[in-house]
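Remarks on the overall topology
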Amino acid sequence: MLACYPTSPARFAARTLSALALMLTAVGCVPTFDDNLSTISHASVLAVQAEPAEAAPGEKVQLTALVATPVVDAASSKLSWGLCLARKPLTELGPVNPVCLEQPGQDPSSITPLGEGASVSATLPQDTCRLFGPSSPESKNGEPAGRPVDPDPTGGFYQPFGVTLVDTSVTSLGSVRISCPPRGLDQEQAGAFTSQYRRNENPVLASLSVIDTEQTAVPDEPAKLTVKVGQTLPLRASWAACPSEPTCGDGICGALEDKVSCASDCTTPKGCTGAEPYAFIDENSVVQTRHESIRVSWFATAGSYAAAVTGREEAESAQTSTDNAWTAPAESGDVRLWLVIRDARGGQSFRSFVLSVQP
Amino acid sequence: MKPALAQNAPSTGEDAARPRLTKPPKIAKFVEAPYPESEKAAGRTASVVVQIAISATGTVDAVKVVESAGPAFDEAALQAIRQFLFEPAEVNNRPSPIRINYRYDFVIKEEAPTTAQFAGTVRNHQNGEALAGVKVDLDTGASAVSDAVGHFQIDGVEPGAHRVTLSRTDLKALQSEEHFEAGKKLDATYDVEFNTPDKAADDGDADDLEIVIVAPTLTKQVVSTKVDADQARRVAGTSGDVLKIVENLPGVARATAGSGQVVVWGAAPEDTRVYIDGMRVPLLYHFGGFRSVIHSDLVHSVELIPGGYGAQYGRGLGGLVKVDTRAPSSDRLHGSVAVDLIDASTSVSAPVAKQVSATIAARRSHLDSVLHAVTSKDIDQFFPIPQYYDGQARVRYQPAKSTYLELGGMLSSDEVSRSTPNTDPALRKRETRGLDFQRAYLRYETETSDGGKVSVLPWLGWDQSTLTGAFGGTPTVLDVSSRDYGLRASYRGRVAPFLTAEAGLDLEAVSSSARRVGSITAPPREGDAHIFSQAPSDLVNTDRWQTVSASAAPYVEGDFALLEDHLHIIPGVRLEPQFTSVSKRVPVEGSAPAVGEYVSDTALEPRLAIRYALSSRVTFKAAYGQYRQAAQPEDVSASFGNPSLQSSRATHLLFGGAFDLSQNLAVETTVFRTTSEDLVTRNPSLAPFIAQALTNQGQGRSYGAQFLLRRELAKGFFGWVAYTILRAERRDAGQSEYRLFDYDQTHVLTALASYDLGKGFDIGVRGRYATGYPRTPVIGSYYDLRTASYQPQLGAKNSIRIPDFVELDVRGSKRFKFQSSSLEIYLDVQNVTNRQNPEEIAYNADYTQRRYIEGLPLLPVFGAKWEF
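Conventions and cut-offs
Residues numbered from 1 in each chain as written. Chains lettered and ligands numbered in written order. Predicted model: local features only at pLDDT ≥ 70, side-chain atom pairs only at ≥ 80, totals over all residues. Heavy atoms only, no water. Helix = DSSP H or I, 4+ residues; strand = E, 2+ residues; numbered from the N terminus. Buried < 20%, exposed > 50% of the residue type's maximum accessible area, 1.4 Å probe, protein only. Contact = heavy atoms within 4.5 Å. Areas by Shrake-Rupley, 256 points an atom, 1.4 Å probe, with all protein chains shown as cover. Domains from an automatic or database assignment. Polar contact = N/O pair within 3.5 Å; in protein donor to acceptor, adjacent residues only side chain to side chain. Arc of directions from axis to C-beta. Buried area = accessible area lost by both parts, 1.4 Å probe. Salt bridge = Lys/Arg side-chain N within 4 Å of Asp/Glu carboxyl O. 1 Å grid on protein atoms, 1.4 Å probe; cavity = no way out; pocket = protein on both sides within 12 Å on 5 of 7 lines; lining within 4 Å. Points joined across faces, edges and corners; volume = space filled by probe spheres on them. Nonpolar A, V, L, I, M, F, W, Y, C, P; charged D, E, K, R; others polar. Core = buried A, V, L, I, M, F, W, Y, C linked by side-chain atoms within 4.5 Å. Pairing = 2+ DSSP bridges. Axes fitted to C-alpha atoms, helices over the stretch in contact; angles between N-to-C directions.

When its secondary structure is counted, chain A shows four helices and 19 strands. Of all 359 residues assigned to chain A, the portion counted as buried reaches 50%. Across chain A, the fraction of contacts at a sequence separation of at least 24, relative to all contacts at a separation of at least 6, is 64%. For chain A, the exposed surface amounts to about 15,300 Å²; the carbon and sulfur share of it is 53%.

Quick look at the structure:
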């Protein structure tokens with residue numbers, strides 16, 4: 001980005017013209033910040049995986065957190081969990097009602113404690129689709145119906161929860177995708193949607209490899225990849241390719257497949273762990289097929305990445321990898337990497353690797 | 001003067017018949033005898049006694065003098081009486097001839113004057129010296145020439161409005177309109193400018209552009225400040241755009257750099273309505289705020305009314321900006337061609353046939369082309385570059401001096417796009433905004449014989465605004481297209497010696513079609529605690545809806561001139577029935593048909609203005625008014641807003657005074673307070689009803705004062721200091737306390753000056769100071785594990801401010817005069833001290849660091865304009 005106040009007189013003309021363009025916008029020069037959110041400097045909750053990735057009211061989900069610490073093999077941190085029951089007012093520009101970020105136990109009417117630990121089990125409330133989904137809130141006699149919550153761009157709704165690092169009292173916000181009856185459709189439209197929509201599957205990072213002639217895979221622990229101090233590693237994170245058309249026998253229960261038409265895939269339904277296709281109702285109430293975007297967040301205990309987050313948007317969903325570059329620190333020693341892969345429908349998973357930095 | 005006068009009514013004569021007189025004769029037709037001039041001049045009165053022989057049919061058979069009053073009086077009386085007609089006398093109930101004695105009295109009466117007297121002085125605008133030999137013409141044909149001391153006088157002026165023209169070969173022709181009252185003397189002083197370049201001003205067009213700045217006001221008769229066109233162009237920082245002068249007026253907040261918004265007395269930009277020749281338009285400045293939407297050559301006057309405006313206008317809670325355009329040139333061809341770094345423009349105005357003249361103007365931006373040519377990068381990725389064009393055309397048929405019929409139109413187009421790439425798909429941003437509008441009108445104006453003015457203006461409009469963008473995977477679309485129908489008709493005239501009244505009809509109907517996709521919080525509303533570059537909520541909805549809204553407002557306003565014209569009381573009232581029809585009352589589900597919503601109300605909006613001239617140098621003023629504004633089409637969506645929204649209301653109250661400190665120095669002050677009710681705000685409920693995302697529960701208030709110290713053009717120098725201090729607050733639905741309005745700006749100070757160095761050189765300087773806009777602080781943040789992004793935690797709404805703004809601009813120009821044209825080149829340097837003025841607050845990704853987005857660095861704009 002061009003600087004606002006040029007130091008080089010030789011480029012004054014071009015920058016003056018650019019400054020003129022600045023005046024014609026509502027934004028001047030946006031300052032740059034030396035953000036380095038990829039380097040773990042303190043204990044942080046980086047991700048929470050819900051299994052299953054999508055559940056209906058009353059169903060159980062297992063919530064598992066990824067906690068990163070600056071020390072490679074540090075002991076796990078204590079976590080406290082709470083399920084939020086507070087609806088978000090329309091005046092709130094953030095994703096949730098601010099009370100969802102309070103500690104469990106402070107307001108029992110707003111937060112249901114889920115216990116402590118690296119992983120907890122949560123039962124989705126029966127009224128979660130009224131609180132956070134397309135079902136209208138309960139109305140009193142004579143009053144108009146309540147305004148349902150709007151969906152996200154994938155047509156989904158989410159039950160929020162908070163996870164708090166007990167030592168630091170820092171709370172992060174998590175969400176579980178909830179499966180709710182569709183709203184605003186007639187019988188035919190609802191039937192078409194229901195027959196095609198499949199619940200989300202968490203994406204999985206298939207591999208992390210170094211982009212070289214051998215496509216060297218970064219091994220899982222306890223193995224370590226050796227790198228030199230200051231060396232820059234071009235890295236590639238890959239995930240599974242998802243079939244664009246459902247095929248019985250591919251192990252994936254796709255749209256229009258069910259136990260009757262494809263028992264092998266749908267007796268125990270399983271989705272694709274990559275950029276899944278999914279059914280979506282457009283603004284004309286027509287069921288369309290869209291594809292998830294995939295994003296990968298990169299973290300490390302040392303060194304630096306070229307980008308904190310990379311990925312593929314929906315238009316690039318045929319691509320099954322994303323690239324980044326990591327530069328080793330100037331000091332030798334073990335460095336832990338974490339990668340969190342997320343899809344557009346709230347699913348996520350994570351993997352960790354250890355690199356040995358040598359002089 | 002009418003000749004002579006009336007006389008007293010005659011008395012009936014004696015009965016001359018023996019038989020019984022049953023009915024005496026009675027004058028059926030009285031003829032007034034002309035008063036003999038010689039006798040009238042001598043001041044003599046008299047009575048002539050005559051004997052009249054009346055026939056049975058009532059005619060006069062014979063008349064002779066019985067008692068003479070002199071030959072002149074006798075002859076005048078005889079001639080008149082011979083033409084008398086009587087109801088014949090009746091004797092024994094039958095018409096009968098009769099002879100009677102009749103006395104005709106000649107009495108000199110004081111006549112009520114039927115004409116006015118016009119006198120005045122003509123002076124040099126620069127130094128105030130009297131000018132002799134200046135011809136003063138009235139449109140009645142009467143004229144006079146100023147004497148050695150600049151004095152002139154014209155007697156016998158017909159009452160009413162008349163155009164006055166002052167001319168001399170070496171002077172800039174001056175035209176003015178004056179109102180004359182029978183029996184009164186109008187004393188006027190005219191300050192005229194010379195034509196020659198060695199003197200003060202240049203020889204621009206014959207029609208001076210007037211920028212009428214009305215600080216508290218209602219009508220042109222109430223306090224106003226005028227800035228000559230040439231003066232407006234010479235103000236530093238305007239780059240020659242005359243309408244940019246509005247930004248330097250008291251009561252106007254300093255807009256964020258590049259926004260082009262007009263924020264007046266703390267009102268939201270959308271609450272201040274802009275009119276061009278009586279037609280409402282959606283904006284005054286193109287995107288970026290660098291140019292107005294109409295070519296400067298076409299502008300005759302611009303009037304800013306920050307509050308308390310009269311009954312002629314309504315439908316806006318804020319102020320008014322009224323732009324009046326010039327008549328097409330009827331004497332010869334005039335035009336201009338101008339170019340600078342940003343755009344190129346041209347205008348042509350000329351007579352095209354007998355009594356027909358026309359004007360056409362066009363302008364197009366080229367900054368995008370210039371930047372692409374001189375930079376190697378894809379500049380659009382970093383800076384949105386507005387692209388715009390506009391055009392105006394009109395044809396006027398003027399069969400008489402005070403009557404014309406005009407057909408015209410205008411169009412304007414704006415578009416700006418930007419895109420921000422990022423390795424993270426969720427942070428890739430793109431946005432395209434556009435606003436196109438067109439207007440077509442037919443205007444008829446005429447003056448009646450009694451000095452009244454009739455005006456009829458039907459107009460049509462088309463507006464199309466588009467917003468398309470995406471922040472990561474969250475789309476934002478807001479497309480609104482509308483067709484506007486308007487009719488403005490009025491009559492203004494003097495209904496009594498002390499009363500001028502105006503009655504009219506202001507009708508407007510809008511048919512809109514809208515589509516919106518995206519988050520309910522994007523775009524953000526006033527009152528949203530919006531953090532710059534914060535991703536919008538990714539909860540999205542879609543809606544399409546149509547609205548039809550209309551209001552027809554008859555109004556009346558009277559100007560009572562009392563205490564020998566020292567006191568003007570101007571009451572007015574506007575009756576405004578209004579309705580809005582929306583295509584959907586609630587969101588449509590499945591295949592269910594849409595059910596519409598209909599909202600209507602009728603409001604009586606009183607207005608009052610008072611002006612009292614304590615002396616020729618001191619004037620006090622006050623104004624009060626109630627105002628109403630219907631909900632915007634964008635707000636009546638069943639999914640994003642509320643189809644049942646009612647109108648919002650406001651009350652304005654202001655006081656002030658104007659003081660002439662010397663011949664060329666004046667100060668004007670105004671104290672104001674506005675309150676508003678039923679403002680549209682977000683519904684704060686945790687479980688709002690369907691189709692009620694917005695409510696009419698907001699309240700607002702603003703109060704403050706503004707000052708203007710002005711030096712009129714004299715000896716080549718003019719300038720002013722404008723200062724406004726105000727506080728604007730809002731109370732959102734569900735809140736008990738007021739908070740600062742998003743557009744609150746406590747102090748705004750503008751000081752500008754311009755000096756003509758002679759030989760075509762002039763320089764100007766402008767200094768500005770403004771308090772920064774309020775913002776909501778970020779007091780923490782949390783990590784959203786689903787979106788892998790940080791979200792801000794906010795403190796008290798609007799509890800901090802962006803730092804103050806200070807800027808110094810300078811301008812220099814040189815005009816070259818040729819035989820029949822002139823060329824002006826100018827250099828306008830904004831922010832000459834290169835001060836890093838903060839415009840917005842930016843945060844890093846996890847909201848732990850805060851810095852300011854800085855506005856313009858030193859910015860030189862070079863341009864040239866050729867006029868012919």
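The discussion continues.
This next bit is on the domain arrangement of chain B. Per the domain assignment, the segments making up chain B are domain 1 (2–106), domain 2 (116–213) and domain 3 (322–867). For domain 2 of chain B and domain 3 of chain B, the distance between their C-alpha centroids amounts to 36 Å.

It is worth spelling out the side chain of S821 of chain B at this point. Residues and elements named next belong to chain B. Along the polypeptide, S821 turns up in the loop between β46 (805–817) and β47 (822–830). Exposure remark for S821: the relative accessible area of 15% places this residue in the buried category. At 3.1 Å, the side chain of S821 and the side chain of W866 are in polar contact. With residues near it in sequence (within four places) discarded, S821 still touches F816, W866, E867 and F868.

Okay, helix α4 (residues 367–374) of chain B next. Those residues of α4 of chain B not exposed but buried are L367, D368 and L371 of chain B. Seen end-on, α4 of chain B carries its buried residues on one side only, within an arc spanning 100°.

Counting residues at the interface gives 79 residues for chain A, matched by 92 residues for chain B. Of the roughly 7,100 Å² buried between chain A and chain B, counting both surfaces, carbon and sulfur atoms make up 64%. Of the charged contacts, one joins E589 of chain B and R183 of chain A as a salt bridge, the two residues approaching to 2.8 Å between their closest N and O atoms. Viewed at the interface, chain B and chain A are joined by 22 residue pairs in polar contact (both at pLDDT 80 or more). Within the residue set of the side of chain A that touches chain B, elements represented by two or more residues are α1 (12–23), β1 (44–51), β7 (157–165), β8 (170–178), β14 (294–300) and β16 (309–312) of chain A.

Moving on, we get to the side chain of D538 of chain B. Relative to the assigned elements, D538 of chain B resides in the loop between β30 (499–519) and β31 (540–562). At a separation of 3.1 Å, a polar atom in the side chain of D538 of chain B contacts the side chain of R786 of chain B. The contact partners of D538 of chain B, leaving out residues within four places of it in the chain, are P151, D152 and P153 of chain A together with T474, R786 and T787 of chain B.

Turning our eyes to something else, we now look at empty space enclosed by the protein. With the rule as written, the count across this model stands at 16 cavities of 30 Å³ or more. Computed from the structure, the largest cavity encloses a volume of approximately 410 Å³. In terms of lining residues, the largest cavity is bounded by 31 residues, among which K88, P95, V149 and D150 of chain A together with L539 of chain B are the most central. Going through the elements one at a time, α2 (128–132), β7 and β8 of chain A are the ones with two or more residues in the lining of the largest cavity. A per-element tally of the lining of the largest cavity places β7 of chain A first, with three residues. Per-class residue counts for the lining of the largest cavity are 17 nonpolar, six polar and eight charged. Put simply, the second largest cavity is a space of about 290 Å³. In terms of lining residues, the second largest cavity is bounded by 24 residues, among which K244, E247, A257, G258 and R768 of chain B are the most central. Secondary structure elements with two or more residues in the lining of the second largest cavity: β41 (761–770) and β46 of chain B.

What follows deals with the nonpolar core. In this structure, L284, V321 and V323 of chain B are the most contacted members of the largest nonpolar core, which totals 48 residues. Contributing elements (two or more residues each) for this core: β18 (273–276), β20 (299–305), β21 (320–325), β26 (403–420), β27 (429–447), β37 (694–714) and β38 (717–731) of chain B. Beyond its immediate sequence surroundings of up to four residues, V323 of chain B is in contact with L243, Y275, I276, D277, L284, V299, S301 and V302 of chain B. Of all hydrophobic cores here, the second largest spans 37 residues; its members include V45, A68 and F132 of chain A together with L785 of chain B.

Bringing the sheet that holds strand β8 (residues 98–106) of chain B into the picture now. Residues and elements named next belong to chain B. Spatially, three strands are ordered β4-β3-β8 in an open sheet, and the strand pairing comes out antiparallel. Edge strands, defined here as strands with exactly one partner in the open sheet, are β4 (60–67) and β8. Ignoring strand direction, the axes of neighbouring strands in this sheet form an average angle of 30°. Looking at chain direction, strand β3 (residues 46–54) and β8 are connected through nine bridges and run antiparallel. By the bridge assignment for β8, A46 is matched with F106.

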